[in-house]
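What the coordinates show
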Amino acid sequence: MKRAAAKHLIEHYFLQLTDGCGNADCRNEFCASCRDFRPLDNNTAAVKALELFKINAKLCRPPPLNRESHSPSLGCGPSEYSQLELSDADFSDVHYLTETTVCMILSFCEEEGDYSALVRVIGRIFSKADALMRSFRKDDPTELLGASSAAALPDEDPGEASDLSEVTVDVCAVRRVYDRLLAIEQVEQAFVNALIHLSANMELDLEYLNAYETNPDYLNIFIIIMENSNLHSPEYLEEALPQFCRALIKLPVSGLARLSKVWSTSGLPHIRHVMETFQQLITFTVVSNEYDVENLVNDDETVVAATRCLKVAFYASIQGGELDVGNSEEEEDDWESDELTLHELLGEEQLYRKGPWVDPLEKELDLRPIDSIKPLIPFEDFVNESLNEVLEVDRDFTFFKVNEEVKFSFQSCPFILTVFNKSRGLYYDNRISMYSERRRAAFYSMTQDTEPNPFLKLKVRRDHIIDDALVQLELISTEKPSDLKKQLFVEFEGEQGVDEGGLSKEFFQLVLEEIFNPDIGMFTYDDETQVFWFNSSSLENEAQYTLIGLVLGLAIYNNCILDLHFPMIVYKKLMGKKGTYMDLSDSHPVLSQSLKGLLEYAGNVEEDMSLTFQISHTDLFGNPVLYDLKENGEQIPVTKENRQEFVDLYTDYMLNKSVETQFKAFKKGFLMVTQESPLKHLFRPEELELLICGSKKLDFDALEETTEYDGGYSKDAQIIKDFWETIRSFEEEQKRLFLQFISGTVRAPVGGLGKLKMTIAKNGSDTDRLPTSHTCYNILLLPEYSSKAKLRERLLKAITYAKGFGMM
């Protein structure tokens with residue numbers, strides 16, 4: 001069939017679907033005059049007309065054509081379309097694309113078996129920002145007027161878009177178009193070449209012409225491009241996608257926030273596609289290059305740009321999931337020391353960032369990762385292992401710490417980092433603070449002619465450890481709080497030993513054992529969940545709770561792991577969130593089940609349960625304590641209508657109000673040490689628990705792989721083989737005792753036991769002496785026992801009874 005004839009036939013189908021044939025008794029299901037016909041909009045009718053043409057569907061007697069009113073749009077004026085000679089057309093008059101336009105061009109190309117015209121149109125429209133921005137508009141009045149008429153329409157007011165997720169591009173139409181076009185091999189390269197050209201121009205437009213501020217519809221371009229499901233394929237990864245990412249990050253923060261909001265409403269499959277596209281680019285680039293201390297991954301523009309783009313997807317995943325916004329603890333005035341820092345004394349304060357870093361996109365969206373209850377995509381999926389393997393964390397942290405933005409730091413995108421690398425960044429921050437305090441102490445000693453005191457020294461007695469620690473720390477936090485930022489140095493009275501880390505670990509463990517003793521009554525213990533919770537009826541003063549907070553902060557600051565058993569809500573509250581009903585199951589499982597039963601009860605709540613808004617609980621001595629959740633709560637019955645309010649108020653009382661005094665004191669002590677660290681920025685609550693408590697999972701195979709040997713031992717020595725066979729034969733509790741014997745803690749560090757870096761050194765030939773250890777450096781001094789049985793017996797005795805410095 002000739003092209004002209006095909007064109008007229010498609011027009012007849014279109015008019016039949018929109019105007020009908022005029023026969024009131026028409027029975028053609030594809031005719032608007034048929035009684036059972038459901039009306040179609042012009043775009044749908046145009047697509048349907050192409051389908052009917054392909055199957056040679058029944059065509060009623062065609063009515064007189066009125067092409068000026070009804071021609072399917074090709075992006076050109078109606079009179080131009082009716083006169084377009086398709087026999088030699090290159091569609092040069094197509095100035096923007098609609099779904100109808102693409103379908104029409106595709107239909108003619110399929111008939112001819114030649115897609116060159118389509119390739120040219122795609123290459124031309126997708127390489128021009130202005131043309132692509134005007135393409136695939138939803139409810140666009142220019143759809144049937146053509147581009148020539150569109151020029152006469154007034155520009156939209158940039159301030160009209162009140163909803164960040166509202167855009168003028170028809171995303172569904174874009175997806176349908178991609179589905180058809182990406183199946184054509186010849187079109188793929190046209191998209192790639194067009195994207196390279198387009199991205200270079202967009203980068204200039206955004207950087208020098210403020211293109212987005214001038215016209216917010218500029219965002220349509222990024223939305224359309226990211227709908228391409230082939231972006232992660234090799235054809236795009238080498239040049240096109242890197243250039244596109246560099247253009248995307250040129251959007252102002254308001255534009256990035258709006259794009260994140262748009263993606264958050266586009267559904268899980270699309271957000272995952274966006275996330276995987278950027279992750280693929282990062283991984284592809286990292287494995288294709290070599291990095292070292294001279295050639296940092298921070299200098300790779302492609303990796304940096306893709307990471308910044310991934311941040312937009314990260315916040316989209318949070319926004320699209322379950323959120324808990326506006327349920328934050330009232331922030332008290334930040335605790336700050338009045339003392340001058342070393343940088344302030346030396347006039348260097350402008351060079352270094354003081355206090356936690358705030359992400360501009362997070363601020364623009366008014367949304368924090370901690371506000372996420374359940375993101376669309378798990379947080380773990382945003383971590384890029386390949387990047388973490390080549391990252392020089394010490395250098396990266398330096399870039400993060402210095403105010404001068406000379407180089408990008410991946411610490412500003414902590415979602416992409418492993419907990420281990422984030423903990424290393426925090427470690428460097430703490431060490432820098434310790435070093436600064438040493439220099440400041442030396443500076444003051446020279447100017448004031450006093451003895452320098454570079455350490456936070458605590459001298460305690462084992463049988464009075466709480467009293468001694470409390471008195472000294474309270475005095476320091478009151479008179480000279482900056483000393484808390486010095487490296488901890490513990491001395492046990494009456495014992496020999498220099499604290500190089502091991503004594504500090506033991507100090508922390510002994511303090512916790514004492515403070516969490518049920519006889520003291522500061523915390524309650526739940527046998528089912530095996531966690532402690534603040535005792536609202538405790539007789540201890542606030543200073544005791546402040547001490548525990550200080551201990552937590554000092555443990556983080558001095559890189560010590562604690563054997564703590566708190567529910568997750570404690571770490572959430574430390575990060576600034578209030579407890580809600582969803583947090584109740586960890587800390588108060590029985591109450592949580594009761595309230596769940598109340599919410600799900602199908603009967604008459606008021607008559608069957610006889611509850612009021614007055615609750616009771618027992619104090620430290622077992623006496624009942626009454627509390628009104630609302631004014632005159634005793635007289636307000638709980639009904640089906642107000643039971644959710646009852647549950648919320650009950651939860652708020654148990655997790656927040658009843659322990660407000662104790663927790664505020666606890667948090668105050670914690671912030672005395674951690675206030676100015678990047679802790680809140682880098683870690684989520686579950687990661688904070690891992691940082692403080694380490695991992696419960698003990699992988700001794702990983703420990704064996706990374707263990708080093710000294711003094712004549714090697715991994716092939718018979719006693720070493722016997723040693724590891726003995727360790728593997730231990731019960732779980734014995735393994736924990738061994739771990740405490742060698743490292744001072746029963747938990748694995750962040751990253752697992754493989755990060756412990758244990759050393760086994762030969763300590764003489766066969767003897768009756770017990771193995772010993774240096775917990776400061778995780779060194780096991782192991783005599784070369786004559787038999788495996790003797791090795792087991794001596795080792796078990798050592799780990800079971802070892803306590804205190806110098807135990808042999």
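What counts and how
- Residues numbered from 1 in each chain as written.
- Predicted model: local features only at pLDDT ≥ 70, side-chain atom pairs only at ≥ 80, totals over all residues.
- Heavy atoms only, no water.
- Helix = DSSP H or I, 4+ residues; strand = E, 2+ residues; numbered from the N terminus.
- Buried < 20%, exposed > 50% of the residue type's maximum accessible area, 1.4 Å probe, protein only.
- Contact = heavy atoms within 4.5 Å.
- Areas by Shrake-Rupley, 256 points an atom, 1.4 Å probe, with all protein chains shown as cover.
- Patch = residues over 30% accessible without salt bridge, like charges linked within 9 Å, V, L, I, M, F, W, Y side chains within 5 Å.
- Salt bridge = Lys/Arg side-chain N within 4 Å of Asp/Glu carboxyl O.
- pLDDT = per-residue confidence, 0-100.
- Phe/Tyr/Trp six-rings, centres within 6.5 Å; stacked < 30°, edge-to-face > 60°.
- Pairing = 2+ DSSP bridges.
- Axes fitted to C-alpha atoms, helices over the stretch in contact; angles between N-to-C directions.
- Left-handed = near helix turned anticlockwise from the far one by under 90°.
- Nonpolar A, V, L, I, M, F, W, Y, C, P; charged D, E, K, R; others polar.
- Core = buried A, V, L, I, M, F, W, Y, C linked by side-chain atoms within 4.5 Å.
- Domains from an automatic or database assignment.
- Lys, Arg positive; Asp, Glu negative; His and termini not counted.
- Charge placed at Lys NZ, Arg CZ, Asp CG, Glu CD.
- Expected span 1.5 Å × (residues − 1).
- Polar contact = N/O pair within 3.5 Å; in protein donor to acceptor, adjacent residues only side chain to side chain.
- Disulfide = S-S within 2.5 Å.

1. A word on the overall build of the protein
The helix and strand tally for the protein stands at 37 helices and 12 strands. Within the protein, buried positions represent 51% of all 808 residues. Expressed as a percentage of contacts within the protein between residues at least 6 apart in sequence, the contacts between residues at least 24 apart total 74%. Only carbon and sulfur atoms are counted for the fraction: they give 47% of the accessible area of the protein, which is about 38300 Å².

2. Digging into a nonpolar patch on the surface
There is a patch of nonpolar side chains on the surface, built from L204, Y208 and L209 and spanning about 360 Å² of accessible area. What makes Y208 exposed here is its relative accessible area of 58%.

3. Brief notes about the confidence of the model for the protein
Model confidence for the protein is summarised by a mean pLDDT of 84, while 86% of its residues fall at 70 or above. Ignoring residues within four places in sequence, the model shows residues 62-88, a span with pLDDT below 50, making 59 contacts including any to other chains. The low-confidence segment residues 333-337, where pLDDT is below 50, has 8 contacts with residues more than four positions distant or belonging to other chains.

4. Section: the packing of aromatic side chains
Overall, the coordinates contain 36 aromatic pairs when judged by the stated rule. Relative to F191, the ring of Y178 lies with its centre 5.6 Å away and its plane at 45°, an arrangement referred to as tilted. Of this pair, Y178 sits in helix α9 (residues 171-181) while F191 sits in helix α10 (residues 185-208), placing them 13 residues apart in sequence. Aromatic pair F222 and F244: ring centres 5.6 Å apart, planes at 45°, arrangement tilted. Taken together, the residues span a long stretch of sequence, with F222 in helix α12 (residues 219-226) and F244 in helix α14 (residues 240-248) at a distance of 22 residues.

5. Some points on the sheet that holds strand β10 (residues 759-762)
Spatial strand order, β9-β10-β12-β11: 4 strands in an open sheet with mixed pairing. Strands at the two margins of the open sheet, each flanked by one partner only, are β9 (708-710) and β11 (772-774). Neighbouring strand axes in the sheet, compared pairwise and without regard to direction, differ in orientation by 25° on average. Judged from the 3 bridges that link them, β9 and β10 form a sheet pairing that is parallel. When the sheet's bridge partners are listed, Y709 is paired in β10 with I760.

6. Concerning the packing of α14 against helix α16 (residues 268-287)
At a minimum axis separation of 11 Å, α14 and α16 run at an interaxial angle of 115°. The way α14 lies across α16 gives a crossing that is left-handed. For the pair α14 and α16, contact is made by L241, P242, C245 and L248 and by T277, F278 and L281, respectively. Of the residues assigned to the contact of α14 with α16, the class counts are 6 nonpolar, 1 polar and no charged.

7. A look at the nonpolar core
Membership of the largest hydrophobic core comes to 98 residues, with the highest contact counts inside it found for L118, F126 and F222. In terms of residue count, the dominant contributor to this core is helix α17 (residues 301-320) (12 residues). Counting contributing residues per domain, this core is built from domain 2 (95-138 + 167-230) and domain 3 (252-325 + 345-417), each supplying no fewer than three. Once you skip the residues sitting within four places of it in the chain, F126 turns out to touch L97, L132, F136, Y178, F191, A194, L198, I224 and I225. Counting residues in each nonpolar core, the second largest holds 80 residues, with I515, W533, L564 and L679 among its members.

8. What to know about the side chain of S372
With respect to the secondary-structure elements, S372 resides in strand β2 (residues 372-374). Beyond its immediate sequence surroundings of up to four residues, S372 is in contact with I318, E322, L323 and F379.

9. Comments concerning the pairing of strand β7 (residues 614-618)
Alternating positions in β7 separate cleanly, I615 and H617 being buried on one face and Q614, S616 and T618 remaining unburied on the opposite face. Bridging between β7 and strand β8 (residues 624-628) involves 5 bridges; their strand directions are antiparallel. Paired with I615 across the two strands is Y627, which belongs to β8.

10. Focus on the pairing of strand β6 (residues 531-534)
Residues V531 and W533 of β6 are buried on one face, and the alternating residues F532 and F534, pointing to the opposite face, are buried as well. The antiparallel hairpin formed by strand β5 (residues 523-526) and β6 contains 4 residues in its connecting segment, where Q530 sits at a positive phi of about 60°.

11. Considering the environment of K261
Relative to the elements of secondary structure, K261 occurs in helix α15 (residues 253-264). The class of K261 is partly exposed, set by a relative accessible area of 27%. Each C-alpha atom, one on K261 and one on S317, is 9.4 Å from the other, the two residues being 56 residues apart in sequence.

12. Structural notes on a negative patch on the surface
On the surface, E606, E607, D608 and E641 cluster together to form a negatively charged patch. In this structure, E606 sits in helix α29 (residues 605-609). A relative accessible area of 39% places E606 in the partly exposed class.

13. Examining the environment of K48
Locating K48 in the fold gives a position in helix α2 (residues 42-55). Take K48: its relative accessible area is 28%, and that puts it in the partly exposed class. Taking the C-alpha atoms as reference, K48 lies 8.2 Å from L17; in sequence the two are 31 residues apart. The contact partners of K48, leaving out residues within four places of it in the chain, are L17, F30 and L40.

14. Side note on the pattern of salt bridges
Counted under the stated rule, the structure contains 31 salt bridges. Note that R794 and E793 form a salt bridge whose closest N and O atoms lie 2.9 Å from each other. Since its relative accessible area comes to 11%, R794 is described here as buried. The exposure class of E793 is partly exposed, given its relative accessible area of 39%. Among the ionic contacts, a cluster of salt bridges with common partners joins K422, R684, E686 and E687.

15. Here we look at α17
With 20 residues, α17 ought to run about 28 Å at 1.5 Å a step, and its terminal C-alpha atoms sit 29 Å apart, in line with that. Within α17, 17 of the 20 residues are buried, leaving the element largely enclosed by the surrounding structure. For α17, the capping residue at the N-terminal end is D300, with a side-chain oxygen 3.0 Å from the backbone nitrogen of T302.

16. Some remarks on unusual backbone geometry
Of note, N210 is a non-glycine position whose phi angle comes to about 50°, a positive value. For N210, the location among the structural elements is in the loop between α10 and α11 (211-214).

17. Some thoughts on the state of the cysteines
Scanning all chains against the criterion turns up 0 disulfides. Left unpaired, C309 is separated from the closest cysteine sulfur, that of C245, by 4.0 Å. Residue C309 is classed as buried on the basis of its relative accessible area of 0%.

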